[in-house]
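Given next are the chains, with one letter for each unit.
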Amino acid sequence: MNNLVDRAVKNNIAWCGIVCDSHGIAGISKENLWGLLSKAPPFYPEIITPSKNVTIEELVYFIENGKVSSIKDSYANIDLAPLGFKILFEAEWISHASLSNQEPIQTNWRVISTEEDLAQWATTSELDGVIKPDLLKLKNVKVFILQKNDGIYGFIANLNANVVGISNVFSVGMENENLWRDIPQVVANQFPGLPLGGYEHNDTLEAAHLAGWRSLGPLRVWIKSQEWLNS
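Scoring rules and cut-offs
Residues numbered from 1 in each chain as written. Predicted model: local features only at pLDDT ≥ 70, side-chain atom pairs only at ≥ 80, totals over all residues. Heavy atoms only, no water. Helix = DSSP H or I, 4+ residues; strand = E, 2+ residues; numbered from the N terminus. Rg over C-alpha atoms; globule rule 2.2 N^0.38 Å. Buried < 20%, exposed > 50% of the residue type's maximum accessible area, 1.4 Å probe, protein only. Areas by Shrake-Rupley, 256 points an atom, 1.4 Å probe, with all protein chains shown as cover. Lys, Arg positive; Asp, Glu negative; His and termini not counted. Charge placed at Lys NZ, Arg CZ, Asp CG, Glu CD. Phe/Tyr/Trp six-rings, centres within 6.5 Å; stacked < 30°, edge-to-face > 60°. Salt bridge = Lys/Arg side-chain N within 4 Å of Asp/Glu carboxyl O.

Enquirer: Residue-level account of the overall build of the chain, with values.
Expert: On a plain count of helices and strands, the chain comes out with six helices and eleven strands. Its C-alpha radius of gyration of 18 Å places the chain within 12% of the 17 Å reference for a compact globule of 231 residues. Here the C-alpha coordinates of the chain stretch approximately 55 × 35 × 30 Å along the principal axes. A burial count over the chain gives 48% of its 231 residues as buried. Working note: accessible area of the chain is about 11500 Å², and carbon and sulfur atoms make up 47% of it. Put simply, the chain has 18 plus and 26 minus side-chain charges, and the middle of one group is 5 Å from the middle of the other.

And the structure:
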C-alpha cells in the first residue's frame, strides 16, 4: 500500500478499529477484508474492504457469521446488490498536503483533553455514546473544537498508515467558510510533516475542494436493504 488512496483506506480501517475497540468490539483483519462478527457502533460499518481484490466468498463469511448491516466498499468496485445490499451514499477519498513548512499558527482551535469537554463535543456533533473517553488516552488521536460567537466546529484527527486521517467534521451555527482551510493548519501543529486524508460527499466534498483538498478516488457505503431484513 504505497499510494495515498491506499494509505487513506488503511488509515480509515485503523480509525474504525479504534472506535470499535473503545466499545469493546474486536475487529478481524484479513488480506482483503476488515470486519466484525458483531454489530458496529452507530455510523460505523461492519465490513471495510482494504483491497480491490476482495471476493464475494470472503464477504459471505462475515455476512453469514456476523450481524452485517453496512459495508464500506473502499474502491467502489464491487456489486453488493446480489447479497441484499443497496447503496447508502457514494463519496470520494480526499487529501491535502502537509503544511509542515509553515510556522505553527496561533489559533482558537483547541484539543479536547477532558471527559467533560469530550461529552459536550459528542453531544454537539450528534455522536453521543459513539465517541468514548478512552480515545483521550491515545497519543495518535486528537479531538479538535473551535467555539466562536457564530457557532461550534470540530473534527477528529488520527495518525495511522503515515497519514493523518480526518473524520467527524461538523459545524453547528453559521457556516464556517474557512473550516476546511483551517483543518490542515490546525493539524500541522499536532502532526507536522504528514499528508492528510479522509472522505466526504455532497456539499461537504464541494467545500473541501474549494479549500484546496483534492479527490483521490471513489468509495461507496452499502446498507442491507429493507426487503432482505424483513425476509
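Enquirer: Let's hear about the packing of aromatic side chains: which residues, and what values?
Expert: The geometry of an aromatic ring pair comes down to the distance between the two centres and the angle between the two planes. Counting across every chain of the model gives six aromatic pairs. Judged by centre distance (5.4 Å) and plane angle (75°), the rings of Trp93 and Tyr199 are edge-to-face. Residue Trp93 is found in strand β5 (residues 85-96), and its partner Tyr199 is found in strand β10 (residues 196-200); the two are separated by 106 residues along the sequence. Ring centres of Trp121 and Phe170 lie 5.3 Å apart, and the angle between their planes is 80°; this geometry places the pair in the edge-to-face category. Remark: Phe170 occurs in strand β9 (residues 163-173) and Trp121 occurs in helix α3 (residues 115-124); sequence separation between them is 49 residues. Neither Trp121 nor Phe170 differs from the other in exposure class; each is buried.

Enquirer: Outline the pattern of salt bridges, supporting the account with residue identities and numerical values.
Expert: Under the criterion given, the structure shown has five salt bridges. For the salt bridge of Glu90 with Arg220, the shortest nitrogen-to-oxygen distance reads 3.0 Å. Taken together, the positions of Glu90 in strand β5 and Arg220 in strand β11 (residues 214-224) put the pair 130 residues apart, joining distant regions of the chain. A salt bridge links Asp117 to Arg110, with the shortest nitrogen-to-oxygen separation between them at 3.2 Å. Each of Asp73, Glu90 and Arg220 takes part in salt bridges that share partners, so that together they form one network.

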